[in-house]
Each structure stands twice: as C-alpha cells, then as structure tokens.
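# Structural overview for review
For reference, the chains in residue letters:
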Amino acid sequence: MLLLGIDIGTSSVKVSVVNADTQQIITSAQFPDEESPIKAVHPGWAEQSPLMWWDQAQQALARCHAKGGYNPQDIAAIGIAYQMHGLVLVDKDQNVLRDSIIWCDSRAVEIGDKAFAAIGQEKCLSHLLNSPGNFTASKLAWVKENEPEIYAKIDKIMLPGDYIAMKLTGEITTSVSALSEGVFFDFKTNGISKDVINYFGFDESLFPVINPVFSSHGALKSDVAEKLGLKAGIPVTYKSGDQPNNALSLNVLNPGEVAATAGTSGVIYGVSDQLAYDQQSRINTFAHVNYSEEEKRLGVLLCINGTGSLYRWAKYNFGAGLGYNQLNQEAKKAPLGSDGLRVLPFGNGAERMLNNKQVGAHFQNIDLNLHTQAHIFRAVQEGIACAFRYGFDIMRSNGMNPTVIRAGKSNLFLSELFTETFVNATGVPVELYNNDGSVGAALGAGIGAGIFKSPSEAFSNTKAIQLIEPDLSVDFEPIYNEWNTLLNKQLS
C-alpha cells in the first residue's frame, strides 16, 4: 500500500511516494529545479499564483511516475503540506480571484497592529494566543479595504493547502490548526473568533467546513485522477501547514519536543500542552496537528523569514555557476567568525521576532582587502545561526528548554558547517533525520486514513541518522554578542 505526500513550498513543490508498510520513500521529485518566483509589486509585498502551485504539483507528480518503481494505482491516500499563512480567495465557481498574499508579505502589519489595540492586547493573547499581526486575517482585511470589488466576489477563503485539496477533490475544508495559523481561532471558546470577524467585518460564511487535520477532506475527482494517472476516489486525509507538518515528519508530537527547519524561512517549533503566549507576540502559538479540545497540543513557533532566501540571494550574486554544495565547501575555507564580517539576515519582509519590524539584510565590516567569496558564504551561515540563537533565547524565556532539536537533513542542514554553527550558537544538540515535508505529508495521510493506528506506529521505523553536539572547544559567544550589538543598533 502506497501513500502520496505533496509539499507546497515557496521555492518549489516536492512530491513523495511512501511505502506504508516500511514508512520508507519509494521515490520523490520536485518542480521546478530552480526557485519559484515571488512577485513583489511594491516593497514589502510578496505574492504567488495558486495556479502555479497546482501546475508544479502536477509536474512533480509526473516526474515521480516517470521514475517508475511503483504502480500509481496502489496509492491509497494523499496528504498535503503547505507554506503557512498564505491567503487564497475563490468565487462560487472555485475560480481564484487574485494571486495569493503569502507568508512573508508585510502589507498588513499596520492593520494587524490596529486590531491588536482595538480588540485588546490581553484578550488577543489569551484567546488567540497571538497578535493579529501580519497573519491571514489581517491580509484578508487588507483585501476588504483596498480591493472591495474582489472581496465582494469571495465565496471561500483558504490557505494554500486547502486550495490544492480543492483542485484534487472539488471540496473545500479547513481545520482548527489552519484557522489558528490564520489567527481566526479562539482557543477559549473553541470556535472561530467572534472578536476577529466582528472587528474586521467578515462574514462567517467565508470560512470552509472545519474537519480534523487527520480526516477525509474529499475524494479525488475522476477527471483529475485520469489526468494525474491515479485511481479515482483516493481520499485526501491530511492537510497541515509546513511547520506543524515538519514537526510531524520528525515525530515531534509531545510536550517538550522540538523541531527545526531552515528552508526559505528558518523555524524552531516546539510542542506545548499549555495555552501560553509571548507577551510581545514575537513567537507564535498555533494548534498542532494533534490538537484537540480534550488534549491540547500547541505548536510554539519561532520564524526567521530570511534564511534560505538569503543563502539563495548570496548564491545568485556571489556564487554564479556554483551549486549549494559547492557554496558550503567554499564557506569552510573561511575561519570561524569570518574575519569580522557580520550578516543580519532580515531582508524578506517584516520579522515577527523583531516585533514586525522590517530591518533589512545587512553586511557589516566588509574589508575589501581581506574578505573573499568564502568569507561571504560563511558569514551568511553564521548570521543565520545567530538569528536562530536570538529567537531561541526568546523561546527559552517563554519556558521552552529542549535538550535536543530534531531536524530533517535538507536545505541548510545539508551543510555540515551550518549545522555545527547552529549547534554551537544555540548550545543544543541536533538530531538529523532523512524525512522531509513531503514524507511527513504522506505519513500523515496514512494516519488520517486509518492505515496506521496511531502516529507512533507511522513513525515506528523513523531513526536519527546523525547526532551533532556542541563543540566545547569553540567559543561562539563573542561572535554572537557582536552580531547582537549590530542588530540592536538597527532596532534602536
């Protein structure tokens, strides 16, 4: 029996086919080969076309089929992971009304700040566990205020994964986890927040039916099945934002367990059983994939917008013709601390952990007679690791103190140098796993379809492939302190 996982990322779509019996990947593919474009019509804006995601999902699946090694008719369930917080709008005929305003778009910060003040900070934090900030609810309010002709045509609002499920099944559903990541969910009343929809003037009919994360979200339509080479009627049994899904893929489901990822954005994601929140909403709390009213499981999320996006920028501008592995090897040629070159990796929209400020990316202390390509690549990795440390200290101050962090061996964690720098900066060991988001989505589908009796069964064969511990001979603190001083100057 086979499971299909689809991961709708910002840079590409990845698809994996997993054997349900062994929980091992049979094959995987992504599309496109280069990073997908992000439309920035104005400074601070970021949009992508949902139609592009759907096309990329089809192309990636076709690549999987072309590799052979399995019978597509044996696929029994589909799971979807997706970039969080994006706003997708469709009319009554399920036509997309505008490009999606995605997670790193900053246009709605002021709208969210006004809502935070008007609803009341304490009420927002205790009921929503977050400020409305720059999340999906505020993005929808921006459309209502600035594009009333589009807003008037909306039948349903969705997140990116809901859209892909709709294209597969013709049905539109959501979940508590999805509503919470949009800051539409009230954890005290266990329903859509009346405070949010009343303040913004949203009609509750705009929201899809609410299903559990692990449940049927529709069955594959016959015409779509024929086009994709799959069996009609396959259920979509799992949908989750990329960070809760990354945690699931690493079997991070219980209080105190922590996952990390360093793709386009960088995230540390810890599980809690407390309805807790950061007073400044610098880190955010959402319903985890296994959240229920009876057994609360919350994901406490630190997000850094500019991690892989900064490394991509450095590659294009300073490493033309080099692959990422070559960049990683080149970075090793520079010494610890990059001979004083410091990088602030904040050039991809408003940063939540910096109170939604747009600091921008900065290269500090460039010495034209000293610094080389190798210094740039190492300083970028060190700057990203410092940003993780900065955010991790916020998480520690909010009671999250893990003894180990789990991460998939992908993206920046493919770099030995970055992984070692991350560990030395945070002081916490990292366990690396071969699983990624598309595999997590496939296994999530198995849980939702009842193929696995429990999440623990779904991950019974998941083992760490490597443990990286802090190097006690490396004193990273002076580097971090200097970096932190530079950041504080930008924030003052």
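To keep things clear, this report deals only with the structure shown in the data block. None of the values given here were measured: they were computed from a predicted structure.

It is worth spelling out the sheet that holds strand β15 (residues 266–272) at this point. In spatial order, the strands read β16-β17-β15-β14-β20-β21-β22; together these seven strands make up an open sheet with mixed pairing. Of all the strands in the sheet, the pair left with one neighbour each is β16 (284–287) and β22 (466–468). The sheet shows a mean angle of 30° between the axes of neighbouring strands, taken without regard to direction. Judged from the seven bridges that link them, β15 and strand β17 (residues 298–304) form a sheet pairing that is antiparallel. Within the sheet, the bridge partner assigned to Val-271 lies in β17 and is Gly-299. Lying on the sheet, helix α10 (residues 242–249) is in contact with β14 (258–262), β15 and β17; it crosses β14 at an angle near 120°.

So, about the pattern of salt bridges. Within the structure shown, the criterion is met by 22 salt bridges. Between Asp-105 and Arg-107 there is a salt bridge; the shortest N-O distance is 2.8 Å. Under the relative-accessibility criterion, Asp-105 is labelled buried at 0%. A salt bridge links Asp-195 to Lys-123; the nearest nitrogen and oxygen atoms lie 3.4 Å apart. With Asp-195 in helix α8 (residues 194–200) and Lys-123 in helix α3 (residues 121–128), this residue pair connects regions lying 72 residues apart in the sequence. Look at Lys-123 and you get partly exposed, because its relative accessible area is 38%.

Here we take up the packing of helix α1 (residues 50–67) against helix α6 (residues 160–169). When two helices pack together, their arrangement is given by the angle between their axes and by how far apart the axes lie. Two elements in contact, α1 and α6, have axes separated by 10 Å at closest approach and are oriented at 60°. Relative to α6, the element α1 is oriented oblique. Crossing of α1 over α6 shows right-handed handedness. Only Pro-160, Tyr-163, Ile-164, Lys-167 and Leu-168 of α6 make contact with α1, whose side of the interface consists of Pro-50, Leu-51, Trp-53 and Trp-54. A class-by-class count of the residues in the contact of α1 with α6 yields eight nonpolar, no polar and one charged.

Let us now look at unusual backbone geometry. Residue Pro-32 is bonded to the preceding Phe-31 through a cis peptide linkage, with omega at 0°. Backbone geometry places Asn-365, a non-glycine residue, at a positive phi of 70°. Note on placement: Asn-365 falls in the loop between β19 (360–364) and α13 (373–397). The exposure class of Asn-365 is partly exposed, given its relative accessible area of 41%. The backbone of Asn-411 sits at a positive phi, close to 55°, despite the residue not being glycine. Structurally, Asn-411 can be placed in the loop between β20 (405–408) and α14 (416–426).

So, about the pairing of strand β1 (residues 2–8). Counted residue by residue, β1 has seven buried out of seven residues, so it is predominantly covered. Across the two faces of β1 the burial is the same, with Leu-2, Leu-4, Ile-6 and Ile-8 and Leu-3, Gly-5 and Asp-7 all buried. Here β1 runs beside strand β2 (residues 13–19); their pairing, made up of seven bridges, is antiparallel. Looking across to β2, one finds that Ile-8 is bridged to Val-13. Linking β1 back to β2 in an antiparallel pair, the connection comprises four residues.

Turning our attention to the nonpolar core. Note on soluble globular proteins: their nonpolar side chains tend to be buried together. In terms of nonpolar packing, the biggest core is built from 53 residues, with Ile-268, Phe-346, Met-353, Tyr-390, Phe-418, Phe-422 and Trp-483 touching the most fellow members. With 13 residues, α13 is the largest single contributor of residues to this core. Judged by nonpolar contacts, the second largest core, of 49 residues, contains Ile-119, Leu-125, Leu-128 and Val-252.

α10 sits mainly inside the fold: seven of its eight residues count as buried. Residues Gln-243, Pro-244, Asn-245, Asn-246, Ala-247, Leu-248 and Ser-249 constitute the buried set of α10. Following α10 by one or two positions, Asn-251 has its phi on the positive side, about 60°.

Conventions adopted
Residues numbered from 1 in each chain as written. Predicted model: local features only at pLDDT ≥ 70, side-chain atom pairs only at ≥ 80, totals over all residues. Heavy atoms only, no water. Pairing = 2+ DSSP bridges. Helix = DSSP H or I, 4+ residues; strand = E, 2+ residues; numbered from the N terminus. Axes fitted to C-alpha atoms, helices over the stretch in contact; angles between N-to-C directions. Contact = heavy atoms within 4.5 Å. Salt bridge = Lys/Arg side-chain N within 4 Å of Asp/Glu carboxyl O. Buried < 20%, exposed > 50% of the residue type's maximum accessible area, 1.4 Å probe, protein only. Parallel < 35°, antiparallel > 145°, perpendicular 65-115°, else oblique. Left-handed = near helix turned anticlockwise from the far one by under 90°. Nonpolar A, V, L, I, M, F, W, Y, C, P; charged D, E, K, R; others polar. Core = buried A, V, L, I, M, F, W, Y, C linked by side-chain atoms within 4.5 Å.

Function cannot be inferred from these measures alone, as they are strictly geometric.
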